[in-house]
Amino acid sequence: ADKGSVTNNTVTLSGGTVSWDVFGGKTNTGSAATGNTVTISSGTVGRDVFGGRNLIGSVTNNTVTLSGGEVGQDVSGGYTIRGSAANNTVTISGGKVKNYVWGGYSFDDKASQNTIEMTGGEVGKDVHGGQTPEGSATGNTVNLSGGTVGGDVRGGYTDKGSVTKNAITISG
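Quantities reported herein were computed from a predicted structural model and do not represent experimental measurements. (Residues numbered from 1 in each chain as written. Predicted model: local features only at pLDDT ≥ 70, side-chain atom pairs only at ≥ 80, totals over all residues. Heavy atoms only, no water.)

Undergrad: Got a sec to walk through the pattern of salt bridges? Specific residues and values, please.
TA: Scanning the entire structure with this criterion turns up four salt bridges. Here R47 makes a salt bridge to D21, at a shortest N to O gap of 3.6 Å. Residue R47 is located in the loop between β5 (37-45) and β6 (49-56), and its partner D21 is located in the loop between β2 (10-18) and β3 (22-27); the two are separated by 26 residues in the primary sequence. A salt bridge links E134 to K160, with the shortest nitrogen-to-oxygen separation between them at 3.8 Å. Remark: K160 occurs in the loop between β20 (153-157) and β21 (163-164) and E134 occurs in the loop between β17 (127-131) and β18 (137-138); sequence separation between them is 26 residues. For K160, a relative accessible area of 65% translates into the label exposed. (Salt bridge = Lys/Arg side-chain N within 4 Å of Asp/Glu carboxyl O. Helix = DSSP H or I, 4+ residues; strand = E, 2+ residues; numbered from the N terminus. Buried < 20%, exposed > 50% of the residue type's maximum accessible area, 1.4 Å probe, protein only.)

Undergrad: Tell me about the sheet that holds β18, residues and numbers included.
TA: Paired through their backbone hydrogen bonds, the strands of a sheet run either parallel or antiparallel. The seven strands are arranged β1-β4-β7-β11-β15-β18-β21 in an open sheet whose pairing can be described as parallel. Both outer strands of the open sheet, β1 (6-7) and β21, are each paired with one neighbouring strand and no more. In terms of strand pairing, β1 meets strand β4 (residues 33-34) through two bridges, oriented parallel. Across the sheet, the residue bridging to V6 is A33, located in β4. (Pairing = 2+ DSSP bridges.)

Put into structure tokens, the structure is as follows:
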């Protein structure tokens, strides 16, 4: 939606190729992306995968599950430029992500209570439970019990704000 909320949408990819991005839900102005889901078991995505994406507004309770296939760039449970990213989840048990994985990403607000569960698969660069270059990262979690990460693993990350009560568990 260009304007308005996107709620409880589902995308399933079990083969084939998507040349660009995959969105469980996407909106651009002043609304919310909530409860959207992307599930990938096979196939190829040329660029990014977003459970929920918003230009201006919140992304909450969105989910990406990757058990196979390949993503050409990044994966984010919830991603927003101006708004909060909260309670988003990425679960990876197989497949490959070329670059970064974020449970939740907000450029200038809060990234809080986002989760990454990784039991298999491969991520080429960093894994961040929650990231916000200019806001606060609070209560984000990464649980890593399998798979391969080619870069850093961070519970929460910010360039300018505060980072509190984030957690990483590595086992297996």
